[in-house]
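# Structure at a glance
Okay, here's what each chain looks like letter by letter:
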2 protein chains.
Amino acid sequence: MGSLPLDASSIRPLDPEAFAGNSHDVVDFLAEYYRDVDKYPVRAADLEPGRLRKLLPEVAPEHGEPLEEVLEDVRRDILPGLTHWQSPSFFAYFPMNASAAGFAGEMLSVGLNVVPFLWAASPAAAELETVVVDWMGKLLGLPSRLLFSGGGGGVLQGSTCEAVVCTLTAARDRALARLGHEAILRLVVYASDQTHATFQKGARIVGIPPSNFRVIPTSADTGYGLPAGAVREAVERDAAAGLVPLYLCATVGTTGLGAVDPVRELGEVARRYSMWLHVDAAYAGSAAVCPEFRGYLGGAELADSVSMNPHKWFLTNNDCCCLWVATPRDLTAALSTDPEYLRNVGTTTGTPAAIDYKDWQISLSRRFRAIKLWVVLRRYGAAGLRAHIRRHVTAAKWFERAVAADQRFEVVVPRRFSLVCFRLRAVNDDVNRELLSAVNESGRAFMTHFVVDGKFVIRLAVGGAMTEMQHVMDAWDLLQGKADEVLQRYYQL
Amino acid sequence: MGSLPLDASSIRPLDPEAFAGNSHDVVDFLAEYYRDVDKYPVRAADLEPGRLRKLLPEVAPEHGEPLEEVLEDVRRDILPGLTHWQSPSFFAYFPMNASAAGFAGEMLSVGLNVVPFLWAASPAAAELETVVVDWMGKLLGLPSRLLFSGGGGGVLQGSTCEAVVCTLTAARDRALARLGHEAILRLVVYASDQTHATFQKGARIVGIPPSNFRVIPTSADTGYGLPAGAVREAVERDAAAGLVPLYLCATVGTTGLGAVDPVRELGEVARRYSMWLHVDAAYAGSAAVCPEFRGYLGGAELADSVSMNPHKWFLTNNDCCCLWVATPRDLTAALSTDPEYLRNVGTTTGTPAAIDYKDWQISLSRRFRAIKLWVVLRRYGAAGLRAHIRRHVTAAKWFERAVAADQRFEVVVPRRFSLVCFRLRAVNDDVNRELLSAVNESGRAFMTHFVVDGKFVIRLAVGGAMTEMQHVMDAWDLLQGKADEVLQRYYQL
């Protein structure tokens, strides 16, 4: 069926045979892609802006085209312009895991294409979400007050950014209900200079004055964790000036360095000043499936909300972000709507048995993400997911030791999870930049950088679904070779 | 491979053979589902809250389980608890189209699993998005100032709600840059009593005082369109009171009734008072692929932004929302971030050739939605998509005439697209409610309701990917039969 152009008058968009034929072809295309992905340059080979725009027509086709032609265009025009996030030698940013189970779960979500915005609009989809977020919370050792089974609850959103906007809105409206809307000008949000930029963006989106976003400095002394004492001082200064401390963000596994904020101490400060504490464990939360990493989340029982992204390092294809809250009514009070056209069927009680998830997020419509995460948990099990995490931590440990053993390099901050931050010592930033460029231009690995205390740092984030020890060893070989080259040029100058 | 439980130590989550085997099984599962979907009760048969929670274990499994078991559980425990949005007899809310092409495109997006948040993080993915939003804009006859090719530009988001939050933030920050942040307390947003609730929610999220959201009444006289004169009066009243008119929403195809606001007249009011005009064509925008429906978007050249959802009635599986803006810098000024860890590779010029889409949306991470919409446009072509729209409009016309010809019924508001709003005349609301319940409880069709001018109205929204004339005729038979029953009971009392 896929081989024929479609005649407009005969379109049957969900004809089961045509659907199956086309879909099997795409599966085979993707299986071939995974087979070959380590042969592509990891970072897009073609970085000429506008290349693809020039290749494509300026208008959509008038008549339908065969799937084969579309797939051939993907192969010829699109793949060379992609950075291959699923390459086993992708070490940039943070990993964005795909997996057979995540893909199967997403296919079910996309194929069934139901919209669980109201419990009544697809009861089993809404209920599966309540089950799966509880499963996840228990797997990561979260305090029960964040789970439905303990009086809190969770939701699956698309990103941490979305979770941040929702929790900031909830915290803001909880405060404004008491203080009146004018007080929005006096609300203050606290984070560290290592906190993800999304918190600043989120605070701005929800109307907090940009001048009321406090960026508290960190240093090597605390491993770039946010010092609770500094937060206390800032909060007291603001309160004395008539401002209203609102929201504090603690990060477990920062984006730049993988640093960990002291959740418990920050939680105590938040409690004392009636601030909302959010714990952002977007990347490192996945590691808590292993008991040896749970300590970093100690103190989460003081949090109003916790989020982590199974779509990073938990074998769940993009997108999937778990958000847990201790008091769901704070969220729903800020995000509920009740228009007539949604009052249609069934009754909802607001208990875990019948959640209207539209009131737990920004958007009305939503995807059936729960089935994706559920398939991942069923297929790999807790034991499989622990093995997945430990494989990468072991490889990152090996890499950290290798770097430390090479006199030319230094590890910039101790590794906590699977992110190693390092640099060539005793040379200026330009040489480190040159080293990173040389590595990435080789096409054999892709890493990104960070700057801390004025120093340019290379980040190796291990975590790809296909990444094995050998790929990390190859990356180290590549780095050593390129280091020889750039240092030779440097000392000759 | 799918038949074996997974051993933790041997997990290879993207092994190509295992991936292909599992994925082919899921394709076959879904093809069977589409083959049988008209045999399921359309609305979930089981509406007992908590049923699924009770069936499932309280914790995730320790060891991986075979895919067959997972799929069997979907069949046995989950499908009976779903409302079947892909059933050809689903006429509730608005359609949420799936299609073979939408599914194929989503598989490519999910399988490649790249993250085009920066142009440089996957150039071809970002560029394809700029191409596809231009294609879509041209197909719908949008003014060129909203397209990249005309100095504006577009982005693919997940929902109208997201688009609303982004455009409200852009409009707000454009105003506050001039007036100072304190002016947030004086900003006013205008909509009609038919505007989607998401605008009120969005205005609240971005910090507009809830008391500054104006809901302007509509009436049958204007077909429930928002009268520009009433907006002008409200705006002048607010301006005289020292408030700042900020944002006006015009809807083409409202959720309740499919009403159309006079875009051009509203645009002129918006221009005169320097307000941001957003045109929400979430549902009916798809119809503009047919020239005979383009007139409703006349005046869009006065809009600051326009949005529509291909995931409703345009054969694109959930989620996909097109947002076009006339001045991208308003959007990016409000939503940009530039942390060090994203300054890594390549350079971006901000031209269509190299867009960093993270600055066009709430979230940093994002999916490769462009490839999904591109596959839909390639596979069906403009001609196929017009045929798809016209098939449903024809069926809705037939239904409207059938209702009008039955003395017991009345059409409440003239049909514009594929939504028909009707009721039993000369009886009270309870009888209409009873009729709707009887229809939905039969399992043979699913419709939802609305209330206008105090009257309970039944909505029949035609647009499912599998919905043919025969299904609409069957729904009318069903309605007539159930009307006999409820009217008989009513007149016997």
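Residues numbered from 1 in each chain as written. Chains lettered and ligands numbered in written order. Predicted model: local features only at pLDDT ≥ 70, side-chain atom pairs only at ≥ 80, totals over all residues. Heavy atoms only, no water.

- Labelled according to an unreviewed UniProt entry, chain A appears under the name Tyrosine decarboxylase, originating from Urochloa decumbens.
- Of chain A, the UniProt comment under Cofactor (unreviewed entry) reads exactly: "pyridoxal 5'-phosphate".
- Heading Sequence similarities (unreviewed entry) of the UniProt record for chain A holds this comment: "Belongs to the group II decarboxylase family." (UniProt positions renumbered as here; feature names shortened; annotations may be inferred.)

## With respect to the sheet that holds strand E3 (residues 213-216) of chain B
Residue and element names in this part refer to chain B.
- As summarised here, the arrangement of the seven strands in space is E1-E7-E6-E5-E4-E2-E3, forming an open sheet in which the pairing is mixed. What marks the edges here is a single partner per strand, and that holds for strand E1 (153-157) and E3. Taking each pair of neighbouring strands and ignoring which way they run, the sheet shows an average axis angle of 20°.
- Of the strand pairs in this sheet, E1 and strand E7 (residues 321-325) are connected by five bridges, and their pairing is antiparallel. Paired with glutamine 157 across the two strands is cysteine 321, which belongs to E7. (Pairing = 2+ DSSP bridges. Helix = DSSP H or I, 4+ residues; strand = E, 2+ residues; numbered from the N terminus. Axes fitted to C-alpha atoms, helices over the stretch in contact; angles between N-to-C directions.)

## A closer look at the packing of aromatic side chains
Residues and elements named next belong to chain A.
- All chains considered together, the criterion is met by 46 aromatic pairs over all chains.
- Pairing phenylalanine 94 with tyrosine 283 gives two aromatic rings, centres 4.0 Å apart and planes at 15°, and the pair type is stacked. One end of the pair, phenylalanine 94, is in the loop between helix H3 (67-78) and helix H4 (100-112); the other, tyrosine 283, is in the loop between strand E5 (276-280) and strand E6 (305-308), with 189 residues separating them in the sequence. Each of the two residues, phenylalanine 94 as well as tyrosine 283, counts as buried.
- Through pairs of rings, three or more aromatic residues link up here, namely Phe94, Tyr283, Phe293, Tyr296, Trp313 and Phe417.
- Lying over the aromatic face of phenylalanine 94, arginine 459 brings its terminal NZ or CZ to 5.1 Å of the ring centre. (Phe/Tyr/Trp six-rings, centres within 6.5 Å; stacked < 30°, edge-to-face > 60°. Buried < 20%, exposed > 50% of the residue type's maximum accessible area, 1.4 Å probe, protein only. Lys NZ or Arg CZ within 6 Å of the ring centre and 35° of its normal.)

## Brief notes about the interface of chain B and chain A
- Taken together, the contacts link 167 residues of chain B with 167 residues of chain A.
- Both sides of the chain B and chain A interface together cover about 14500 Å² of buried area, and 66% of this is carbon and sulfur.
- Between chain B and chain A we count 14 salt bridges in total.
- As a salt-bridge pair, aspartate 73 of chain A and arginine 378 of chain B come within 2.8 Å of each other at their nearest N and O atoms.
- Counting the contacts that link chain B with chain A gives 75 residue pairs in polar contact (both at pLDDT 80 or more).
- No other element matches the 16 residues that helix H1 (residues 16-36) of chain B contributes to the side of chain B that touches chain A.
- Taken together, the residues of the side of chain B that touches chain A sort by class into 96 nonpolar, 38 polar and 33 charged. (Contact = heavy atoms within 4.5 Å. Buried area = accessible area lost by both parts, 1.4 Å probe. Salt bridge = Lys/Arg side-chain N within 4 Å of Asp/Glu carboxyl O. Polar contact = N/O pair within 3.5 Å; in protein donor to acceptor, adjacent residues only side chain to side chain. Nonpolar A, V, L, I, M, F, W, Y, C, P; charged D, E, K, R; others polar.)

## Examining the side chain of serine 23 of chain A
- Locating serine 23 of chain A in the fold gives a position in helix H1 (residues 16-36).
- Apart from the residues within four sequence positions on either side, serine 23 of chain A is in contact with Val27, Phe103 and Met107 of chain B.

## Description of the UniProt feature "modified residue: N6-(pyridoxal phosphate)lysine" (unreviewed entry) in chain A
Residues and elements named next belong to chain A.
- In the numbering adopted here, UniProt assigns the feature "modified residue: N6-(pyridoxal phosphate)lysine" (unreviewed entry) to Lys312.
- Tracing the backbone through its elements, the reader meets lysine 312 in helix H10 (residues 310-313).
- Its relative accessible area of 15% is what places lysine 312 among the buried residues.
- Those residues within four positions of lysine 312 in sequence are excluded, and the remaining contacts are Phe94, Pro95, Met96, Asn97, Ala282 and Tyr283.

## Observations regarding the layout of surface pockets
- Estimated volume of the largest pocket: approximately 330 Å³.
- Residue lining of the largest pocket: 19 residues in total, with Pro339 of chain A together with Asp193, Gln194, Thr195 and Phe450 of chain B positioned closest to the centre.
- In terms of residues, the lining of the largest pocket owes the most to one element, strand E10 (residues 448-452) of chain B, which gives three residues. (1 Å grid on protein atoms, 1.4 Å probe; cavity = no way out; pocket = protein on both sides within 12 Å on 5 of 7 lines; lining within 4 Å. Points joined across faces, edges and corners; volume = space filled by probe spheres on them.)

## Looking at helix H12 (residues 369-405) of chain A
Residue and element names in this part refer to chain A.
- With 37 residues, H12 extends only 44 Å from end C-alpha to end C-alpha; this falls clearly short of the ideal 54 Å at 1.5 Å per step.
- Glycine 381 marks where H12 bends most, by close to 85°.
- With 29 of its 37 residues buried, H12 lies for the most part within the structure. (Expected span 1.5 Å × (residues − 1). Bend = angle between axes of the 7 residues up to and from the residue.)

## Topic: unusual backbone geometry
All names here are of chain A.
- A cis geometry characterises the amide bond from asparagine 318 onward to aspartate 319, with omega recorded as 5°.
- For leucine 315, which is not glycine, the phi dihedral falls at a positive 60°.
- The topology assignment puts leucine 315 in the loop between H10 and strand E7 (321-325).
- With a relative accessible area of 0%, leucine 315 lands in the buried category.

## Considerations on the sheet that holds strand E9 (residues 419-424) of chain A
Residue and element names in this part refer to chain A.
- Spatial strand order, E8-E9-E11-E10: four strands in an open sheet with antiparallel pairing. Edge strands, defined here as strands with exactly one partner in the open sheet, are strand E8 (409-413) and strand E10 (448-452). Sheet twist, expressed as the mean angle between neighbouring strand axes with direction ignored, is 40°.
- Where helix H13 (residues 429-442) meets the sheet, it contacts E8, E9, E10 and strand E11 (455-461), and its direction lies at approximately 25° from that of E11.
- Helix-sheet contacts for helix H14 (residues 469-492) involve E8, E9 and E11, and the interaxial angle to E9 is about 15°.

## Points about the packing of H1 of chain A against H1 of chain B
- At a minimum axis distance of 9 Å, the contact between H1 of chain A and H1 of chain B shows a crossing angle of 165°. One finds that H1 of chain A runs roughly antiparallel with respect to H1 of chain B. Note that H1 of chain A runs across H1 of chain B; the crossing there is right-handed. Mapping the contact onto sequence places Pro16, Glu17, Phe19, Ala20, Ser23, His24, Val27, Asp28, Leu30, Ala31, Tyr34 and Arg35 of chain A in H1 of chain A and Pro16, Glu17, Phe19, Ala20, Ser23, His24, Val27, Asp28, Leu30, Ala31, Tyr34 and Arg35 of chain B in H1 of chain B. (Parallel < 35°, antiparallel > 145°, perpendicular 65-115°, else oblique. Left-handed = near helix turned anticlockwise from the far one by under 90°.)

## Details of the nonpolar core
- Membership of the largest hydrophobic core comes to 338 residues, with the highest contact counts inside it found for Trp324 and Trp374 of chain A together with Trp324 and Trp374 of chain B.
- Beyond its immediate stretch of four places on either side in the chain, tryptophan 374 of chain B contacts Leu56, Val70, Asp73, Val74 and Ile78 of chain A together with Leu128, Val132 and Trp135 of chain B. (Core = buried A, V, L, I, M, F, W, Y, C linked by side-chain atoms within 4.5 Å.)

## What about the environment of isoleucine 362 of chain B?
- Its location among the elements puts isoleucine 362 of chain B in the loop between helix H11 (328-335) and helix H12 (369-405).
- Of the residues examined, isoleucine 362 of chain B reaches a relative accessible area of 3% and is grouped as buried.
- As for isoleucine 362 of chain B and glycine 223 of chain B, which are separated by 139 residues in sequence, their C-alpha atoms are 35 Å apart.
- With residues near it in sequence (within four places) discarded, isoleucine 362 of chain B still touches Cys161, Val165, Lys201, Ile205 and Ile362 of chain A together with Glu162, Val165 and Cys166 of chain B.

## Considerations on the pairing of E10 of chain A
Residue and element names in this part refer to chain A.
- Within E10, four of the five residues are buried, which leaves the element mostly enclosed by the surrounding structure.
- Inspection of the sheet shows E10 paired to E11 by five bridges, in the antiparallel sense. Bridge assignment links histidine 449 to a residue of E11, and that residue is isoleucine 458.
- The turn joining E10 and E11, which pair antiparallel and follow one another in sequence, is formed by two residues; a positive phi near 50° is taken by aspartate 453.

## Focus: empty space enclosed by the protein
- For the structure shown, the criterion picks out nine cavities of 30 Å³ or more.
- As a volume, the largest cavity reaches approximately 370 Å³.
- Leu364 of chain A together with Phe94, His196, Thr255 and Lys312 of chain B are, among the 28 residues lining the largest cavity, the residues nearest its centre.
- Counting only elements with at least two residues in the lining of the largest cavity, the list comes to helix H6 (160-179) and helix H10 (310-313) of chain B.
- Taken together, the residues that form the lining of the largest cavity break down as 13 nonpolar, 12 polar and three charged.

## Side note on the environment of lysine 39 of chain A
- Considering the arrangement of structural elements, one finds lysine 39 of chain A in the loop between H1 and helix H2 (51-55).
- For the pair formed by lysine 39 of chain A and glycine 443 of chain A, sequence separation is 404 residues and the distance between their alpha carbons is 9.2 Å.

## Notes on the side chain of arginine 51 of chain A
- Assignment of secondary structure puts arginine 51 of chain A in helix H2.
- A polar side-chain atom of arginine 51 of chain A sits 3.0 Å from the main-chain carbonyl oxygen of aspartate 77 of chain A.

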